[in-house]
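# An overview of the molecular structure
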Amino acid sequence: QLQASGGGLVQAGGSLRLSCAASGIISSLYAMAWHRQAPGKQRELVAAINSVGTANAVDAVKGRFTISRDDAKNTMYLQMDSLKPEDTAVYYCNAVLRNKGVVEHDLWGQGTLVTVSS
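Notes on the structure follow. (Residues numbered from 1 in each chain as written. Predicted model: local features only at pLDDT ≥ 70, side-chain atom pairs only at ≥ 80, totals over all residues. Heavy atoms only, no water.)

## A word on unusual backbone geometry
Positioned with a positive phi, Ser82 is a non-glycine residue whose angle comes to about 50 degrees. Along the polypeptide, Ser82 turns up in the loop between β8 (75-80) and β9 (89-99). You will see that Lys100, though not glycine, has its phi angle at about 55 degrees, which is positive. Take Lys100: it is sitting in the loop between β9 and β10 (102-108). A relative accessible area of 83% means that Lys100 is categorised as exposed. (Helix = DSSP H or I, 4+ residues; strand = E, 2+ residues; numbered from the N terminus. Buried < 20%, exposed > 50% of the residue type's maximum accessible area, 1.4 Å probe, protein only.)

Structure (structure tokens):
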């Protein structure tokens, strides 16, 4: 399972670091990602990191958010800097295990709320 934490209330321009702790899986085998869902909107991908550490982020957060992973701790992180009110959302972590392109296991955390005040 995945356990997300680190959300909270922060002023615009501030920073937060989200954590996603994995248990019961060998997280190093999984591609992992952060998604978010703002009120009244669909869930969207924020950033992803594959099993060898290659990371990507969507344009809306590029240069402000950094995804990373520590497989020794079975934990993924999202460092969020220069936060904006439009970053307000519930943030979910996700871990996917693929075998020859086929999804074998797809895990989601429970979500952690990030609120950015203006």
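## Quick word on the sheet that holds strand β3 (residues 16-22)
Overall, antiparallel pairing links the 4 strands, which are arranged β1-β3-β8-β7 in an open sheet. Looking at which strands have only one partner, the edges of the open sheet turn out to be β1 (2-5) and β7 (65-70). In this sheet, adjacent strand axes meet at a mean angle of 15 degrees when their direction is disregarded. One ladder, built from 6 bridges, connects β3 with β8; its direction is antiparallel. Among the inter-strand pairings, Cys20 is bridged to a residue of β8, identified as Met76. (Pairing = 2+ DSSP bridges. Axes fitted to C-alpha atoms, helices over the stretch in contact; angles between N-to-C directions.)

## Observations concerning the pairing of strand β11 (residues 112-117)
Side chains of β11 alternate between two faces, with Thr112, Val114 and Val116 buried and Leu113, Thr115 and Ser117 left unburied. As paired strands, strand β2 (residues 8-11) and β11 are joined by 4 bridges and run parallel to one another. Residue pairing across strands places Gln11 opposite Ser117, the latter belonging to β11. Bridge analysis of β9 against β11 gives 3 bridges, and the strand direction is antiparallel. Residue Tyr91 lies in a different strand from β11, and its bridge partner there is Thr112.

Keep in mind that these numbers describe shape and distance, not what the molecule does.
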